[in-house]
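Read off the chains here:
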Amino acid sequence: MTLNSIITGTGSYIPEEVKKNSDFLNSQFLNEDGSLMEYENDVVIEKFKAITGIEERRYATPNLTSSDLAYFAAKRAIEDSGINAEELDYIILAHNFGDVTKGAFQSDILPSLASRVKHKLGIKNPSCVAYDILFGCPGWIQGVIQAEAFIKSGIAKKCLVIGTETLSRVLDPHDRDSMIYSDGAGACVVEAFESDSSTGIISHITQTDTLDECYYLFFGKSYDKSKNSDIRYIKMYGRKIYEYALNNVPLAMKKALDASGIDVLDVKKIFIHQANEKMDEAIVKRFYRLYKTKLPEGIMPMSIHKLGNSSVATVPTLFDLIKRGEIENQEINKGDVIILASVGAGMNINAIVYRY
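Below is a short write-up of the structure.

A count of helices and strands for the chain gives eight helices and 13 strands. Taken against the 2.2 N^0.38 rule, which gives 21 Å for 356 residues, the C-alpha radius of gyration of the chain at 20 Å falls within 12% of a compact globule. Once the C-alpha set of the chain is aligned to its principal axes, its extents read approximately 65 × 50 × 40 Å. For the chain, buried positions account for 57% of its 356 residues. A fraction of 77% describes how many contacts in the chain between residues 6 or more apart in sequence connect residues 24 or more apart. Surface accessibility of the chain: about 15800 Å² in total, with carbon and sulfur atoms responsible for 49%.

The buried count for strand 11 (residues 267–272) comes to five of six residues, which makes it a mostly enclosed element. Pairing geometry for strand 11 and strand 12 (residues 337–344), over five bridges, is parallel. When the bridges of strand 12 are listed, V267 appears paired with V337.

A word on the nonpolar core. One finds M253, I270 and F287 to be the most contacted residues of the largest nonpolar core, which totals 54 residues. Every element with two or more residues in this core is listed here: helix 1 (41–52), strand 10 (233–236), helix 5 (238–260), strand 11, helix 6 (277–289), strand 12 and strand 13 (348–355). Counting residues per element, this core draws most heavily on helix 5, at nine residues. For M253, the contacting residues outside a window of four places in its chain are I270, I283, F287, I339, A341 and A351. Formed by 33 residues, the second largest nonpolar core is a distinct cluster that contains I133, A156, C188 and F271.

Let us now look at a positive patch on the surface. On the surface, K49, K278, K285 and R289 cluster together to form a positively charged patch. With three residues, the single largest contributor to the positive patch is helix 6. Along the chain, the position of K49 falls in helix 1.

With that out of the way, let us pick up the sheet that holds strand 12. Reading across from one edge, 8-13-12-11 is the order of the four strands in this open sheet, with mixed pairing throughout. The open sheet has two edge strands, strand 8 (200–208) and strand 11, and neither has a second partner. Neighbouring strand axes in the sheet, compared pairwise and without regard to direction, differ in orientation by 15° on average. With eight bridges joining them, strand 8 and strand 13 adopt antiparallel strand pairing. Within the sheet, the bridge partner assigned to T208 lies in strand 13 and is N348. Where helix 8 (residues 314–323) meets the sheet, its contacts fall on strand 11 and strand 12, and the angle it forms with strand 11 comes to roughly 135°.

What follows deals with the environment of G136. Tracing the chain through its elements places G136 in the loop between strand 5 (129–133) and helix 4 (139–152). Each C-alpha atom, one on G136 and one on D33, is 27 Å from the other, the two residues being 103 residues apart in sequence.

The next subject is unusual backbone geometry. With an omega of 5°, the peptide bond between L110 and P111 qualifies as cis. As for its position among the elements, P111 is in the loop between strand 4 (90–94) and helix 3 (113–121). Between G346 and M347 the backbone carries a cis peptide bond, its omega angle lying at -5°. With respect to the secondary-structure elements, M347 resides in the loop between strand 12 and strand 13.

Basis of the calculations
Residues numbered from 1 in each chain as written. Predicted model: local features only at pLDDT ≥ 70, side-chain atom pairs only at ≥ 80, totals over all residues. Heavy atoms only, no water. Helix = DSSP H or I, 4+ residues; strand = E, 2+ residues; numbered from the N terminus. Rg over C-alpha atoms; globule rule 2.2 N^0.38 Å. Buried < 20%, exposed > 50% of the residue type's maximum accessible area, 1.4 Å probe, protein only. Contact = heavy atoms within 4.5 Å. Areas by Shrake-Rupley, 256 points an atom, 1.4 Å probe, with all protein chains shown as cover. Pairing = 2+ DSSP bridges. Core = buried A, V, L, I, M, F, W, Y, C linked by side-chain atoms within 4.5 Å. Patch = residues over 30% accessible without salt bridge, like charges linked within 9 Å, V, L, I, M, F, W, Y side chains within 5 Å. Salt bridge = Lys/Arg side-chain N within 4 Å of Asp/Glu carboxyl O. Lys, Arg positive; Asp, Glu negative; His and termini not counted. Charge placed at Lys NZ, Arg CZ, Asp CG, Glu CD. Axes fitted to C-alpha atoms, helices over the stretch in contact; angles between N-to-C directions.

Listed below in structure tokens is the structure:
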């Protein structure tokens with residue numbers, strides 16, 4: 001018999017507030033030096049949509065924080081799995097900015113967001129260990145990899161893994177890149193399962209590149225020089241990230257798939273971090289080019305058009321939506337081989353090959 005790590009339940013929370021591209025028409029976008037941009041906002045927004053694919057995104061309502069979103073997604077994942085929450089051995093919560101109250105300029109991570117979720121779930125069991133991980137956008141996938149390690153080592157049988165973020169609370173409204181970011185949460189329950197064949201997580205890979213890449217994403221000052229210079233916002237070097245992702249993510253995905261022993265033609269879906277539509281398409285095309293194979297139609301489902309980039313929440317949310325049949329012309333079936341992959345601040349990359 002083989003000990004496998006399988007996802008037995010999923011859940012997500014998509015915030016209620018819809019922020020459309022047209023809502024940015026009156027924004028004052030500035031260059032890094034504080035000067036006005038060369039183009040009018042309608043042109044900036046049109047170019048933005050052509051590159052990212054984003055038409056609208058979701059923001060959390062002012063009364064909610066990241067840990068609230070995480071709780072909603074976690075509750076749904078636990079209900080979907082059918083387990084008793086008291087049986088959980090671990091709650092692993094991935095985020096990057098903690099709880100940031102609307103209008104505040106300070107992150108709150110004391111206690112940890114995982115502890116807050118355990119509290120909200122009403123779990124009494126002291127052996128249910130709750131902790132946070134900071135791993136950039138690949139945080140949720142890394143949490144699943146950690147759950148797999150706990151299960152394979154015999155330390156755990158049931159783990160709850162959550163990815164949650166409220167990026168709308170840490171963006172610079174004068175930076176056009178702010179249109180990328182959104183809020184949301186996704187979660188899953190990972191359980192130990194014995195069978196006579198390999199299922200669930202088949203293989204995985206993780207890498208961190210910091211020599212030149214460490215500060216491709218960082219906290220920086222507003223482009224509006226009149227703002228308080230002590231307040232920091234999420235910033236990125238988009239072109240460098242694009243090139244790094246294109247050169248490294250396909251290779252990492254290939255390493256993970258090769259380690260699984262599964263043929264690329266048997267892969268049914270690729271769930272990739274919803275960062276940028278054009279970048280994701282280029283990554284997946286290059287991945288198949290490594291196998292001298294054409295990109296299969298419908299292999300890469302997308303949610304970025306309506307949900308934007310919610311960092312650690314994009315992959316679990318996308319997975320949950322497709323599992324529930326809520327994305328048109330996309331489905332996964334029992335026995336399907338899928339790849340989960342992400343890239344983000346660190347710079348970090350990871351990928352999981354999973355048999356559903």
